[in-house]
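# Observations on the model geometry
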Amino acid sequence: MTEKIQVDETKLRQKAEFLDSMGLKSWSDYEAYARCLVYFDERDKASAYFLEAADKVERPLAVFEKNNPNEHSRLKLVQANYYRLAGERERSRVQYEQLAGELEYRLNNGARDDSLFSHLSYCHFFLQNYEKAIHFGKKVKEWNPISVGFSEGILMGDQERIQETLDDVISEIQKEKSLPYYTGAEVSLWDWYEIGKELSQAVR
């Protein structure tokens, strides 16, 4: 399968123009706008909007902190990903590290669910703790986290495993008819697509 997907720039332009006309309000608005800018090769400008999105996530984080730990950790992952996409590597790393600690504390105190395991897998993938990313990802029963396939490929230096995972990501994007500006995921399919492209080139 090809490693590239044809991005419909017209739809991205329409989305950006719509957001411009309505005015950016929520964190998801800022995320969507930033994602459009990435594909317009305006990365510096996109970084500023990702950081604005990260700032606006603070309010729902405060709401969920005490009464919904799963949603709180999910939004912490979303925020860490914004920092990563903005090029704030250290800020992103610190957030993934802190969140991994919080999640492992919950795990050690009896919490057991697929979202907790997948969140731990994502944290450790971005911390480059690939064995842990695989360990926790394989505990997820209802789906197969993308972090597992890429981690296995990296650890084994296995180009086929990376390509297989990238192909799965491409298939999922096509099946869901996903567009690059879709928001709200801890790590979007398009993020995994870009990660997979980089990994496939690095392993060669």
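Quantities reported herein were computed from a predicted structural model and do not represent experimental measurements.

Next up on the list: the side chain of Ser 200. Relative to the elements of secondary structure, Ser 200 occurs in helix 11 (residues 189-203). What makes Ser 200 buried here is its relative accessible area of 0%. Within the local environment of Ser 200, its side chain forms a polar contact with the backbone oxygen of Lys 197, the two atoms lying 2.8 Å apart.

Moving on, we come to helix 8 (residues 130-137). By the burial criterion, the buried members of helix 8 are Tyr 130, Ala 133, Ile 134, Phe 136 and Gly 137. On the buried face of helix 8, the contacting elements are helix 6 (89-108), helix 7 (114-126) and helix 9 (146-156).

As a further point, take the pattern of salt bridges. Considering all chains together, one arrives at eleven salt bridges under this definition. Glu 90 is the partner of Arg 93 in a salt bridge, and the nearest nitrogen-oxygen pair spans 2.6 Å. You can see Arg 93 and its partner Glu 90 sitting in helix 6, three residues apart, about one turn around the helix. Judged by its relative accessible area of 47%, Glu 90 falls in the partly exposed class. In this structure, the salt-bridge partner of Arg 161 is Glu 164, at a minimum N-O distance of 2.5 Å. In this pair, Arg 161 and Glu 164 both sit in helix 10 (residues 159-176), three residues apart, roughly one turn of the helix. Classification of Arg 161 as buried rests on a relative accessible area of 15%. For Glu 164, a relative accessible area of 43% corresponds to the partly exposed category. It is possible to trace a salt-bridge network through shared partners that takes in Lys 138, Glu 152, Arg 161 and Glu 164.

Turning our attention to the packing of helix 7 against helix 8. Contact pair helix 7 / helix 8: the axes reach a minimum separation of 8 Å and the direction vectors enclose 165°. For the element pair helix 7 / helix 8, the angle class is roughly antiparallel. Where helix 7 crosses over helix 8, the handedness of that crossing is left-handed. Residues Phe 117, Leu 120, Ser 121, His 124 and Phe 125 of helix 7 lie in contact with helix 8, whose contacting residues are Tyr 130, Lys 132, Ala 133, Phe 136 and Gly 137. Its residues placed into classes, the contact of helix 7 with helix 8 shows six nonpolar, three polar and one charged.

Turning our eyes to something else, we now look at the packing of aromatic side chains. Remark: the centre distance and the inter-plane angle together describe each pair of aromatic rings, the angle taken between the planes. Under the definition given, this model contains 13 aromatic pairs. Both rings, one in Phe 150 and one in Trp 192, keep their centres 6.1 Å apart while their planes meet at 40°; by these two values the pair is tilted. Within this pair, whereas Phe 150 is found in helix 9, its partner Trp 192 is found in helix 11, the two being separated by 42 residues in sequence. Side by side, Phe 150 and Trp 192 carry an identical accessibility label, which is buried. Their ring planes at 85° and their centres at 5.7 Å tell us that Trp 190 and Tyr 193 sit as a pair that is edge-to-face. In this pair, Trp 190 and Tyr 193 both sit in helix 11, three residues apart, roughly one turn of the helix. With respect to burial, Trp 190 and Tyr 193 carry one shared label: buried. These aromatic residues form a ring-pair network of at least three members: Tyr 96, Tyr 122, Phe 125, Phe 126, Tyr 130, Phe 150 and Trp 192. Note that Arg 13 overlies the ring of Phe 40, its terminal NZ or CZ placed 3.7 Å from the centroid.

Rules and cut-offs
- Residues numbered from 1 in each chain as written.
- Predicted model: local features only at pLDDT ≥ 70, side-chain atom pairs only at ≥ 80, totals over all residues.
- Heavy atoms only, no water.
- Helix = DSSP H or I, 4+ residues; strand = E, 2+ residues; numbered from the N terminus.
- Buried < 20%, exposed > 50% of the residue type's maximum accessible area, 1.4 Å probe, protein only.
- Polar contact = N/O pair within 3.5 Å; in protein donor to acceptor, adjacent residues only side chain to side chain.
- Contact = heavy atoms within 4.5 Å.
- Salt bridge = Lys/Arg side-chain N within 4 Å of Asp/Glu carboxyl O.
- Axes fitted to C-alpha atoms, helices over the stretch in contact; angles between N-to-C directions.
- Parallel < 35°, antiparallel > 145°, perpendicular 65-115°, else oblique.
- Left-handed = near helix turned anticlockwise from the far one by under 90°.
- Nonpolar A, V, L, I, M, F, W, Y, C, P; charged D, E, K, R; others polar.
- Phe/Tyr/Trp six-rings, centres within 6.5 Å; stacked < 30°, edge-to-face > 60°.
- Lys NZ or Arg CZ within 6 Å of the ring centre and 35° of its normal.

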